[in-house]
Amino acid sequence: MKDRREFLKEVAAGAVLIGSASKLGMAAVRAESVSAAKSKIVIARDPELHGVGTNTTAQPDERRVRNLLDRAIAAYTGHAKPIAAWKSLVPTDKVIGLKVNGLGSKGIATHPALIMAVAERLQQAGVKPGNIIVFDQNVHFLQSCGMTVNTDPSKLRAYSSDVAGWEDEESTWGVARIRLTKILTRDCDMVINMPILKDHEGAGVTFAMKNMYGVVDKPNTLHANHCNPAVADLNCIPTIRDKVRFTIGDAMSSVFDGGPGFHPERLWYPNTLLIGEDRVALDAIAWEMIERKRAEAGLPTLEADGRPPRYIAAAADATRNLGTNDPKRIQRVEI
Amino acid sequence: MLSNNNLKAAVTALTVAIFLAGTGCKKSIVDPFPASGAIAGWQKTTDTRVFASKDLWQYIDGDADHYIQAGVVTTSTSDYNYQGNLEAVVDVYTMGDSAGAHKIFAGDVSGSGKGVSLGDEGVAFAQSVTFRKGASLVRIVAYSSTPDTQQALLALAHGVEAKL
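Presented here is an overview of the structure given in this document.

1. So, the overall build of chain B
At step 1: Scanning chain B for helices and strands turns up five helices and eight strands.
At step 2: Secondary structure elements of chain B occur, N-terminal to C-terminal, as α-β-β-α-α-β-β-α-β-β-β-β-α.
At step 3: Here chain B holds 164 residues, and 37% of them are scored as buried.

Take a look at the structure:
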């Protein structure tokens with residue numbers, strides 16, 4: 001396992017290789033402290049992603065998903081051409097993990113069309129297929145995301161922590177005391193977080209930060225007090241904080257109540273991608289989206305339901321400094 | 001004097017008798033999952049997975065806590081496919097008592113579902129059927145919706161109910 005100093009050195013080297021405007025280089029600096037600048041979050045929508053009117057489908061249209069992703073990445077990076085945009089985001093000679101989320105079963109998992117669109121763009125930007133690893137906690141969750149296990153390094157890889165195993169040594173930060181998956185600690189140089197937006201019976205909302213429960217051996221030990229401050233503390237663990245740099249959040253479909261499991265009667269289609277580096281800002285916006293939909297459905301707020309996601313504010317506090325939940329410090333780019 | 005084989009048989013019989021006495025075993029284990037073809041059009045596509053209460057997080061993580069609070073003992077799950085084009089999952093939660101099963105059922109069925117005659121209480125939505133029979137809580141969920149989905153799910157639900 002690389003230590004933090006070695007890792008940051010590699011990040012810096014990668015940044016030189018891919019240019020001074022590299023987001024990765026910026027992220028390395030941000031690992032030390034969140035800058036005073038606004039956090040940029042792109043909110044990209046396509047209302048026809050799942051079809052129109054009564055002619056809708058459970059899975060979004062693949063071509064539209066790819067277009068939506070391209071528009072979102074272009075808006076984020078300022079590069080109109082996808083390959084240039086992706087080259088500015090990732091070190092193309094490194095191993096890139098895609099942490100997906102299949103816990104809610106096939107009905108509410110990171111969409112296969114989005115995973116494959118990201119993997120395709122990474123390869124077009126120059127990342128070798130075998131240097132892309134799609135992963136989640138266990139084989140069943142991966143299958144829910146449409147993936148089958150493949151460890152052949154000549155192809156796009158997909159495997160889970162129950163295949164790769166966990167570190168023997170515990171990692172700790174605050175109340176988080178867990179063992180990390182070797183996929184994160186050993187196999188990946190950088191991870192793109194690919195959560196799916198859901199209501200959560202315990203935590204209130206699950207999106208960017210909560211998705212990290214899928215990189216630890218026993219997430220059930222982090223559920224006390226509505227997962228607060230466990231979600232925030234978990235994300236402060238240096239390996240997670242440093243390697244999980246960028247989020248491509250799937251809000252193409254979502255459950256607004258009864259999550260994190262799949263309840264089709266509480267499913268809705270926001271048809272949205274949320275993209276950015278600031279995991280706290282992303283979760284703050286995700287919370288707003290869930291509340292807006294709950295109000296529309298006549299449901300109580302998460303506060304009134306006794307489960308507001310307080311871990312978001314905890315993650316933004318001066319001790320953890322993982323990002324911002326202050327609307328004034330979030331630059332929303334809605335497309 | 002007992003031969004080796006007879007001795008082995010006697011030890012085995014004694015072990016089984018002690019185990020059964022110790023576990024208070026009174027009835028055989030119920031398998032509530034209809035086999036492929038047992039319900040017209042339905043195929044069972046995966047082996048049944050069973051989770052003890054302490055391991056339920058491995059299946060549903062954040063959802064596990066409220067089942068545990070309601071007294072879940074075991075959870076069994078298996079995937080099904082209807083006529084090659086509709087995927088569904090059947091979850092059977094065996095609770096400690098019927099009150100625990102009712103608690104989960106009541107929390108699950110709010111909304112626009114229609115009551116159905118299944119077990120002690122049941123409700124159907126366009127893409128899901130939930131019912132309780134004694135201490136068993138059954139949820140059947142389809143991953144997509146067609147005009148036939150609800151009828152197909154109800155047929156499968158009756159098949160599960162008959163085996164409980």
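Now that the structure has been shown, the text picks up again.
2. Focus on the pairing of strand S14 (residues 272-276) of chain A
Residue and element names in this part refer to chain A.
At step 1: Among the five residues in S14, five count as buried, and that is most of the element.
At step 2: What you see with S14 is no split at all: Thr272, Leu274 and Gly276 on one side and Leu273 and Ile275 on the other are buried throughout.
At step 3: Pairing between strand S1 (residues 39-45) and S14: five bridges, direction antiparallel. Each residue of the ladder has a partner; that of Arg45, found in S14, is Thr272.
At step 4: Both strand S12 (residues 244-255) and S14 contribute to a ladder of five bridges, which runs antiparallel. Opposite Thr247, over in S14, you have Gly276 as the bridge partner.

3. Regarding the interface of chain A and chain B
At step 1: At the junction of the two partners, chain A supplies 18 residues and chain B supplies 18 residues.
At step 2: A class-by-class count of the residues in the side of chain A that touches chain B yields eight nonpolar, seven polar and three charged.

4. Regarding unusual backbone geometry
Residues and elements named next belong to chain A.
At step 1: A cis geometry characterises the amide bond from Asn228 onward to Pro229, with omega recorded as 5°.
At step 2: Mapped onto the secondary structure, Pro229 falls in the loop between helix H9 (224-227) and helix H10 (230-236).
At step 3: Put simply, Gly259 and Pro260 share a cis peptide bond, and its omega is 10°.
At step 4: Structurally, the position occupied by Pro260 is in the loop between S12 and strand S13 (267-268).

Criteria and cut-off values
- Numbering of residues begins from 1 in every chain and follows the order in which that chain's sequence is written.
- Written order determines the labels here, with chains lettered from A and ligands numbered from 1.
- Totals for whole chains, interfaces and linings use all residues, but because this is a predicted model, local features are given only for residues with pLDDT of at least 70 and pairs of side-chain atoms are given and counted only at 80 or more.
- Secondary structure follows DSSP: runs of H or I at least 4 residues long count as helices, runs of E at least 2 residues long count as strands, and numbering of each begins at the N terminus.
- Each residue is classified by how many other C-beta atoms fall within 10 Å of its C-beta atom, where C-beta atoms are placed from the backbone; a count of 20 or more means buried, 12 or fewer means exposed, and values in between mean partly exposed.
- Here a strand pair is declared whenever DSSP counts at least two bridges between the two strands.
- We call two residues in contact when their backbone-placed C-beta atoms lie within 7 Å.
- Charged residues are taken to be Asp, Glu, Lys and Arg, nonpolar residues to be Ala, Val, Leu, Ile, Met, Phe, Trp, Tyr, Cys and Pro, and polar residues to be all remaining types, Gly included.

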